[in-house]
Amino acid sequence: MDIFFYAGLAATGFGAGLLGALLGLGGGVFVVPALVLIFGLPPLTAIGTSNVAVVATSTAGASTYVRSRLTNIRLALILLISTTIAALISSLVASWLPVQLLSGLFAIVLFYTAVTMLRSNKPQSAPTLEGYAKESIGEKLGLESSYYDPASGTTVEYTPRKIRTGMGISALAGVVAGLLGIGGGIVQTPVMNLLMRVPLKVSAGTSNFMIGITATSAAVVRFAHGDINPLIAVPTTLFVFFGARLGAWLVPRTKSSQLKVIFGWVAIVIAILMLLQAVGIYTPPKR
């Protein structure tokens, strides 16, 4: 049984790392429900394992994203101010919340992200600097940038919009990271893409940079509370790292529309299972 258990952890970690790196979600959005629903682990243990795995995802993809100019480091540092503070506070609160509430919150966040991704899956013209002429804050902070997109063969220029609003919502991403162990990328990526008008691939790369920092702060809290089991966290994180390396390599070469559809429907299925657990209809096996 242990052989199959660890083989399952390896497969889960690799798949989570691959998809997490592709969309800048950190992989925790898949690791947590898999560990709870399939392997029957306590939610806080799953969250602690996910925190460590998210750090691995961020580390694995960082160099590739930065080298491809898909990480806007200035924007990331600005948004991290509110995100990190919220992650630390919510990590402390998570230990006092009931399992059903955590599962319900996770399901709600997944539904939100899935619907947002699917609704936004429309052909859009490439953002340009001219389209953001009235947005002065991004320019004053030096946030405008560009990158070459091999998938379309064009150079994309952009300037982030609504910086203040983005910082406010980043606090919500921190809460999600601290409570649910999913790095906050599940909120951060669509917010940067849909609200701040940052191209999806840059949103994923910037989110990947941010989640490593927020997950580290949350992981420290979970470790202090004894919620990280090395026998589970180490093999899962190792294969998350391998999957994330492949995912980061695939990002510039993959169409964003395809990724949105796949993630949207997978997230809906996982959200339904987590919601059934929250209301007591589904009970995962105990280990």
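Parameters at a glance
- Residues numbered from 1 in each chain as written.
- Predicted model: local features only at pLDDT ≥ 70, side-chain atom pairs only at ≥ 80, totals over all residues.
- Heavy atoms only, no water.
- Helix = DSSP H or I, 4+ residues; strand = E, 2+ residues; numbered from the N terminus.
- Buried < 20%, exposed > 50% of the residue type's maximum accessible area, 1.4 Å probe, protein only.
- Areas by Shrake-Rupley, 256 points an atom, 1.4 Å probe, with all protein chains shown as cover.
- pLDDT = per-residue confidence, 0-100.
- Contact = heavy atoms within 4.5 Å.
- Phe/Tyr/Trp six-rings, centres within 6.5 Å; stacked < 30°, edge-to-face > 60°.
- Core = buried A, V, L, I, M, F, W, Y, C linked by side-chain atoms within 4.5 Å.
- Axes fitted to C-alpha atoms, helices over the stretch in contact; angles between N-to-C directions.
- Left-handed = near helix turned anticlockwise from the far one by under 90°.

A.B. asks: How do you make sense of the overall build of the protein chain when you look at a structure like this?
C.D. replies: The number of helices and strands found in the protein chain is 11 helices and two strands. N-terminal to C-terminal, the α/β element order of the protein chain is α-α-α-α-α-α-β-β-α-α-α-α-α. Across the 287 residues of the protein chain, 56% fall into the buried class. Surface exposure of the protein chain reaches about 12300 Å², of which carbon and sulfur atoms provide 69%.

A.B. asks: In this structure, what is going on with unusual backbone geometry? I would like to understand it.
C.D. replies: The general pattern is negative phi for most residues beyond glycine and trans for most peptide bonds. Even without being a glycine, Lys162 presents a positive backbone phi close to 50°. Assignment of secondary structure puts Lys162 in the loop between strand 2 (154-158) and helix 7 (163-180).

A.B. asks: Teacher, can you tell me more about the environment of Leu19 here?
C.D. replies: Within the secondary structure layout, Leu19 lies in helix 1 (residues 2-23). Spatially, the C-alpha atom of Leu19 lies 9.5 Å from that of Val29, the residues being 10 residues apart in sequence.

A.B. asks: Just to check I follow, could you spell out the confidence of the model for the protein chain for this structure?
C.D. replies: In low-pLDDT segments, the atomic positions of the prediction should not be examined closely. Averaged over all residues, the pLDDT of the protein chain equals 78, while 84% of them reach at least 70. Here residues 124-135 scores under 50 on pLDDT; set against residues more than four positions off or in separate chains, the count is 22 contacts.

A.B. asks: What is the right way to read the packing of aromatic side chains from this model?
C.D. replies: Any pair of aromatic rings gets described here by the distance separating the centres and the angle formed by the planes. For the structure shown, the criterion picks out four aromatic pairs. Pairing Phe241 with Phe242 gives two aromatic rings, centres 6.3 Å apart and planes at 70°, and the pair type is edge-to-face. Judged by relative accessible area, Phe241 falls into the partly exposed class, the value being 31%. Joined through ring pairs, the aromatic side chains of Phe5, Tyr6 and Phe39 make up one cluster.

A.B. asks: Honestly, the nonpolar core in this entry has me stumped. Any pointers?
C.D. replies: The tendency in soluble globular proteins is for nonpolar side chains to be buried side by side. Ranked by size, the top nonpolar core spans 28 residues in total, and within it Leu9, Leu35, Phe39, Leu110, Ile186 and Val187 carry the most contacts. Among the elements of the structure, helix 1, helix 2 (28-38), helix 3 (43-67), helix 5 (99-119), helix 7, helix 8 (185-195), helix 10 (230-250) and helix 11 (256-278) are those that each provide at least two residues to this core. Not counting residues up to four positions away in its chain, the partners in contact with Leu110 are Val29, Ile186, Ala267, Ile270 and Ala271.

A.B. asks: I'm lost on the packing of helix 3 against helix 9 (residues 200-224) in this one. Help?
C.D. replies: A packed helix pair is summarised by two numbers, namely the angle formed by the two axes and the spacing between the axes. Running from amino to carboxyl end, helix 3 crosses helix 9 at an angle of 145°, the nearest separation of the two axes being 7 Å. Remark: the crossing between helix 3 and helix 9 carries left-handed chirality. Between helix 3, through Leu44, Ile47, Gly48, Asn51, Val54, Val55, Thr57, Ser58, Gly61, Ala62 and Tyr65, and helix 9, the contact on the second element is made entirely by Gly205, Asn208, Phe209, Ile211, Gly212, Ala215, Thr216, Ala218, Ala219 and Arg222.

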